[in-house]
Amino acid sequence: MPVRALRTIGDPLLRSRAADVERAFLHTPGFVELVTDLVDTMRAEGGIGIAAPQIGESLRMAVIEIDASSSRYPDMQAFSRTLFVNPIVTVIDETEQGYWEGCLSVPGLRGYVARPRAVRVDYVDASGGARSLEAEGFLATVLQHELDHLDGVLFVDRVRDTTRLATVENYAKFWARQEGTPEI
Ligand code: ZN
């Protein structure tokens, strides 16, 4: 269960569309190992979500885990560890909401990103079962951020007002109030 090296911005693999996970891959030792590596790496890096391309596997898989004890911001709800395989996002409320996002693959930067406030995600679980989740608020942003990784999109691509793209230090100095988020 190794913690894997993170791929970072500039690495072409992070900019590729990840491949669908074949059903036959589920239940294999390689799949179980990959899920373990995703979780271990996310936790070791202090993230609340991670997508497979971030650890060098160009597959449509991501994990999200928001620990209530680390909920530093009022809008963050706890979310128990969930694996999303072959997820499809559907916007259910286009009203935009914005958060300052960070990313384990974009070290040292924060940016203000507006996204739809509610989405549904249809996905496959680790056993191959079809699942669906509706989310709003912060969780909806985290889901969209993670699932963007599967299409080669990084949060910096979605910062419309680049005056609101900042180093972590300048984010803390000039921008942080109630708007902050930990690194996604
Ligand atoms: Zn990210």
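The structure displayed is predicted, hence computed values, not measured ones.

Caption draft 1: Structural detail: the pairing of strand S5 (residues 130–136). Bridging between strand S4 (residues 109–124) and S5 involves seven bridges; their strand directions are antiparallel. From the neighbouring strand, Asp 122 faces S5, where its bridge partner is Ser 132. Here S4 folds back onto S5, and the loop between the two strands holds five residues, one of which, Gly 128, carries a positive phi near 95°.

Caption draft 2: Expanded view of the coordination of the zinc ion. The coordination sphere of the zinc ion contains the protein donors Cys 103 (SG), His 145 (NE2) and His 149 (NE2), at a distance range of 2.0 to 2.3 Å. In primary-sequence terms, the residues that donate to the zinc ion follow C-x41-H-x3-H. A residue pair is termed long-range when its members are at least 10 positions apart, and Cys 103 in the loop between strand S3 (79–101) and S4 and His 149 in helix H2 (residues 137–149) qualify at 46 residues.

Caption draft 3: Local environment of the layout of surface pockets. The volume enclosed by the largest pocket comes to roughly 230 Å³. What lines the largest pocket is a set of 17 residues, and nearest its centre among them are Val 89, Gln 144, Leu 147, Asp 148 and Arg 158. Mapped onto the lining of the largest pocket, the elements with two or more residues apiece are S3, S4 and H2. Considering every element that reaches the lining of the largest pocket, the biggest residue donor is S3, with six residues.

Caption draft 4: Layout of the pattern of salt bridges. Counted under the stated rule, the structure contains 16 salt bridges. Measuring nitrogen to oxygen at the nearest pair gives 3.1 Å for the salt bridge that ties Asp 122 to Arg 120. The exposure class of Asp 122 is partly exposed, given its relative accessible area of 26%. Of the charged contacts in the structure, one is a salt bridge between Asp 125 and Arg 131, with a shortest N-O distance of 2.8 Å. Classification of Arg 131 as partly exposed rests on a relative accessible area of 48%. Three or more residues are tied together by salt bridges with common partners; here these are Arg 17, Asp 20, Arg 60 and Asp 151.

Caption draft 5: Inspection of the nonpolar core at higher detail. Ranked by size, the top nonpolar core spans 22 residues in total, and within it Ile 64, Ile 66, Phe 84 and Leu 143 carry the most contacts. Counting residues per element, the ones that place at least two in this core are strand S2 (61–66), S3, S4, S5 and H2. In terms of residues, this core owes the most to one element, H2, which gives six residues. With residues near it in sequence (within four places) discarded, Phe 84 still touches Arg 60, Met 61, Ala 62, Ile 64, Phe 79, Val 121, Tyr 123, Val 124, Leu 133 and Leu 143.

Caption draft 6: Up close: the side chain of Thr 41. Along the chain, Thr 41 falls in helix H1 (residues 29–45). Judged by relative accessible area, Thr 41 falls into the buried class, the value being 0%.

Caption draft 7: Focus on H1. The terminal C-alpha atoms of H1 lie 24 Å apart, and with 17 residues this matches the ideal 24 Å at 1.5 Å per residue to within 8%. Phe 31, Leu 34, Val 35, Asp 37, Leu 38, Val 39, Asp 40, Thr 41 and Met 42 are the residues of H1 that are buried. Structurally, H1 contributes buried residues whose contacts are with strand S1 (49–51), S2 and S3. Note on H1: the residue one or two positions beyond its end, Gly 46, has a positive phi of about 75°.

Caption draft 8: Focus on the pairing of S4. By the bridge criterion, twelve bridges tie S3 to S4 in an arrangement that is antiparallel. Bridge pairing links Val 91 to Val 119 in S4. In terms of strand pairing, S4 meets strand S6 (residues 165–167) through three bridges, oriented antiparallel. What sits directly across from Leu 109, in S6, is Thr 167.

Reading the values: the criteria
Here, residues in each chain are numbered from 1, in the same order as that chain's written sequence. Side-chain atom pairs in this predicted model are given and counted only at pLDDT of 80 or more, local residue features only at pLDDT of at least 70, and totals for whole chains, interfaces and linings cover all residues. Excluded from the side-chain calculations are hydrogens and water; all other atoms, namely the structure's heavy atoms, are used. Two strands pair under a simple rule: DSSP has to find at least two bridges between them. Numbering of helices and strands starts at the N terminus; helices are DSSP runs of H or I of at least 4 residues and strands are runs of E of at least 2. Metal donors were taken as nitrogen, oxygen and sulfur atoms no farther than 2.8 Å from the ion, or 3.2 Å where the ion is Na, K or Ca. Water is excluded, so coordination may look unfinished. A cavity here means a set of points on a 1 Å grid, drawn over the protein atoms and nothing else, where a 1.4 Å probe fits but cannot get out; a pocket is an open set with protein on both sides within 12 Å along at least five of seven lines, and a residue lines either one if it has an atom within 4 Å of a point. Grid points are joined across faces, edges and corners, and a volume is the space filled by probe spheres set on the points. Any carboxyl oxygen of Asp or Glu that lies within 4 Å of a side-chain nitrogen of Lys or Arg is treated as forming a salt bridge with it. To sort residues, take the accessible area from a 1.4 Å probe on protein chains only and compare it with the maximum for the residue type: under 20% means buried, over 50% means exposed, and anything in between is partly exposed. Put simply, a nonpolar core is a bunch of buried Ala, Val, Leu, Ile, Met, Phe, Trp, Tyr and Cys residues held in one set by side-chain atoms that sit within 4.5 Å of each other. Two residues form a contact once any of their heavy atoms are found within 4.5 Å. Here the expected span of a helix is defined as 1.5 Å times the quantity of residues minus one.

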